[in-house]
Amino acid sequence: MEAPTEKSTMPRLALAGVFGGLFCGYLGLTAAIPVLPGFVRESFGAGDFAVGLVVMATALTALLVRPVSGHLADRYGHRLVMRAGALVIAVGGLLYFLPLGLSGLVAVRLLAGVGEASLFTAGAVWVVSLAPHDRRGQLIGLYGVSMWGGISVGTFLGALLLNFGYGAVWGFSAAAALVALLLISAVPAPARAGQPGEVRQSGGHTLLPRPVLLPGLALGFAAAGYAGLAAFVVLHLQARGVQSGVVVLSGFSAVYAGTRLFIGHLPDRLGPRRVAVWSGIGEAIGLAIIALAPNLPVAVFGSLVMGAGFSLLHPSLALMVMNRTDPSRQGAAIGAYTSFWDLGLAVWGPLIGVVAAGLGYPAVFVVGAVCAMLAVAVALCVRGQDAQPAAVS
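Residues numbered from 1 in each chain as written. Predicted model: local features only at pLDDT ≥ 70, side-chain atom pairs only at ≥ 80, totals over all residues. Heavy atoms only, no water.

1. Structural notes on the packing of helix α11 (residues 272–292) against helix α12 (residues 296–323)
Logical step 1: Contact geometry of α11 with α12 gives a least axis separation of 7 Å together with a crossing angle of 155 degrees. The orientation of α11 relative to α12 falls into the category roughly antiparallel. Handedness of the crossing formed by α11 with α12: left-handed.
Logical step 2: Residue classes in the contact of α11 with α12 are distributed as 18 nonpolar, 9 polar and 2 charged. (Axes fitted to C-alpha atoms, helices over the stretch in contact; angles between N-to-C directions. Helix = DSSP H or I, 4+ residues; strand = E, 2+ residues; numbered from the N terminus. Parallel < 35°, antiparallel > 145°, perpendicular 65-115°, else oblique. Left-handed = near helix turned anticlockwise from the far one by under 90°. Nonpolar A, V, L, I, M, F, W, Y, C, P; charged D, E, K, R; others polar.)

2. Quick look at the nonpolar core
Logical step 1: Of all hydrophobic cores here, the largest spans 88 residues; its most connected members are M82, Y143, L317 and F365.
Logical step 2: Each residue touching F365, except ones within four places of it in the same chain, is listed here: G228, L229, F232, V233, H236, L287, I290 and A291.
Logical step 3: Counting 18 residues, the second-largest nonpolar core is a separate cluster that includes A32, Y96, L161 and V169. (Core = buried A, V, L, I, M, F, W, Y, C linked by side-chain atoms within 4.5 Å. Buried < 20%, exposed > 50% of the residue type's maximum accessible area, 1.4 Å probe, protein only. Contact = heavy atoms within 4.5 Å.)

3. With respect to the state of the cysteines
Logical step 1: Under the criterion given, the structure shown has 0 disulfides.
Logical step 2: Free of any disulfide, C371 has its nearest neighbouring cysteine sulfur in C381, separated by 16 Å. (Disulfide = S-S within 2.5 Å.)

4. Let's talk about the packing of aromatic side chains
The description of an aromatic ring pair rests on the distance of the ring centres and on the angle between the ring planes.
Logical step 1: The full count for this structure, using the stated rule, is 17 aromatic pairs.
Logical step 2: Taken together, a centroid distance of 5.0 Å and an interplanar angle of 70 degrees make the contact between F39 and Y166 edge-to-face. Linking F39 in helix α2 (residues 36–44) with Y166 in helix α7 (residues 166–185), this pair joins segments that are 127 residues apart in sequence.
Logical step 3: Both rings, one in Y226 and one in F310, keep their centres 6.1 Å apart while their planes meet at 10 degrees; by these two values the pair is stacked. With Y226 in helix α8 (residues 213–238) and F310 in helix α12, this pair connects stretches of sequence that are 84 residues apart. Across this residue pair, the class does not change: Y226 and F310 are buried. (Phe/Tyr/Trp six-rings, centres within 6.5 Å; stacked < 30°, edge-to-face > 60°.)

5. A few points about a nonpolar patch on the surface
Logical step 1: Judged by side-chain polarity, V68, L72, Y76 and L80 come together as a nonpolar surface patch covering roughly 360 Å² of accessible area.
Logical step 2: At 3 residues, the largest contribution of residues to the nonpolar patch is made by helix α3 (residues 48–76).
Logical step 3: When you line up the elements, V68 lands in helix α3.
Logical step 4: On the accessibility criterion, V68 (35% relative accessible area) is partly exposed. (Patch = residues over 30% accessible without salt bridge, like charges linked within 9 Å, V, L, I, M, F, W, Y side chains within 5 Å. Areas by Shrake-Rupley, 256 points an atom, 1.4 Å probe, with all protein chains shown as cover. Salt bridge = Lys/Arg side-chain N within 4 Å of Asp/Glu carboxyl O.)

6. Quick word on the side chain of S303
Logical step 1: Relative to the helices and strands, S303 resides in helix α12.
Logical step 2: A polar contact is formed between the side chain of S303 and the backbone oxygen of V300, at a distance of 2.6 Å.
Logical step 3: Not counting the four nearest positions on each side in its chain, S303 is found in contact with V248, G251, F252 and I290. (Polar contact = N/O pair within 3.5 Å; in protein donor to acceptor, adjacent residues only side chain to side chain.)

7. Points about the environment of G331
Logical step 1: Among the structural elements, G331 can be located in helix α13 (residues 330–359).
Logical step 2: For the pair G331 and P67, spaced 264 residues apart in sequence, the C-alpha separation works out to 7.8 Å.
Logical step 3: The residues touching G331, leaving out its near neighbours within four places in the chain, are G70, H71, D74, T121 and V125.

8. Topic: the environment of A122
Logical step 1: With respect to the helices and strands, A122 occurs in helix α5 (residues 101–130).
Logical step 2: Counting along the chain gives 208 residues from A122 to Q330, while the straight-line C-alpha distance between them is 9.6 Å.
Logical step 3: Ignoring any residue separated from it by four or fewer positions in sequence, one finds A122 in contact with A73, H78, V81 and M82.

9. Let's talk about the confidence of the model for the protein chain
Logical step 1: Residues at a pLDDT of 70 or more form 90% of the protein chain, whose mean pLDDT is 86.
Logical step 2: Low pLDDT (under 50) marks residues 1–7, which in the prediction has 11 contacts with non-local residues, meaning those over four places away or in another chain.
Logical step 3: Counted against residues more than four places away or in other chains, residues 193–204, with its pLDDT under 50, gives 24 contacts. (pLDDT = per-residue confidence, 0-100.)

10. As for the pattern of salt bridges
Logical step 1: For the structure shown, the criterion picks out 2 salt bridges.
Logical step 2: Residues R66 and D342 are paired through a salt bridge, measuring 2.5 Å at the closest nitrogen-oxygen approach. Within this pair, whereas R66 is found in helix α3, its partner D342 is found in helix α13, the two being separated by 276 residues in sequence. Each member of the pair, R66 together with D342, is buried.
Logical step 3: Taken together, the shared-partner salt bridges connect R66, E116 and D342 into one network.

11. Here's the deal with the packing of helix α1 (residues 12–30) against α7
Logical step 1: At a closest axis distance of 7 Å, the pairing of α1 and α7 adopts a crossing angle of 165 degrees. With respect to α7, the element α1 is oriented roughly antiparallel. α7 is crossed by α1, and the crossing has left-handed handedness. Together, G17, G20, G21, C24, G25, L27 and G28 of α1 and F172, S173, A176, A177, V179, A180, L183 and I184 of α7 make up the contact between the two elements.
Logical step 2: Across the contact of α1 with α7, the residue classes tally to 9 nonpolar, 6 polar and no charged.

In structure tokens, the structure reads:
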């Protein structure tokens, strides 16, 4: 394989297929989310614990399977594993139709998590392999926008389709994932970066390569702020007599996407560690503003600052991982790195609830700001983050 030049032609059609496949895959995955609580209660008479278990089961398998799916993508090809992920999500949509009982529904959701982990992880490294080296960080960010776009549109369409019955939602979940499979299949298989047994950097064949540890830890710390915002910003503002707190979440989401669209190239141009540091500081400042906000405009301003910072933190840290990992191990690396996000949400979700109960809602955002600064400190400890592995010939 010919070594890529620093500036090369953007394979737009191939990227459109991968991005479109991810978007449609998440449409199918998330369309069921807004309707599953009602379905569980109506079909099984189950309570809140069962509802939470059914909805969140995908996160459990995604956390465990991401490093494995990344390793399989390195070994057998990113296109194959991404297609398998889309197919698994489609099968999950069809299984919703079957009378499997509550335990069977949980099993279907666990299976969907396997599909999600395979779809996202394999596609993430595939995008990096397609991107010019001077735009890898930007495309990692845009890949995330495709995912969040699929989540947003999928949940909206799922709620809308419920008007036509649960079957319409299940059918759409399967159909959208099959469209994802077609889009991914239309992209030519990428050239292999290395052979299965070839390892050229430290980390060997472990599912947790060494270059992942510090950036992953930083990502896990940064997740605390997002978990606090998503769970408690509305209650925090209501306690201060401020309504329409959902506007804060909308402002965060809009700036999060806009930052990646318009200045997502900064990690490539300025270096990932520098951008990660400023992004973490921005997240911390935004969270501090929200903690002190006396009214809605100030809280919205804080969410905009947080969104702008948080938006580029993930692609900057991901670029650190990619730059420090041999091409033949990047699938396992990005899978393990992304698992730190899942793990962070799993850990911080309960912990911030304890903080809110014991110290009040403002403390949730103060803790998030402290964790964002810890993410900055960890990012500063990453060495050699700008070195790009040599291309495999």
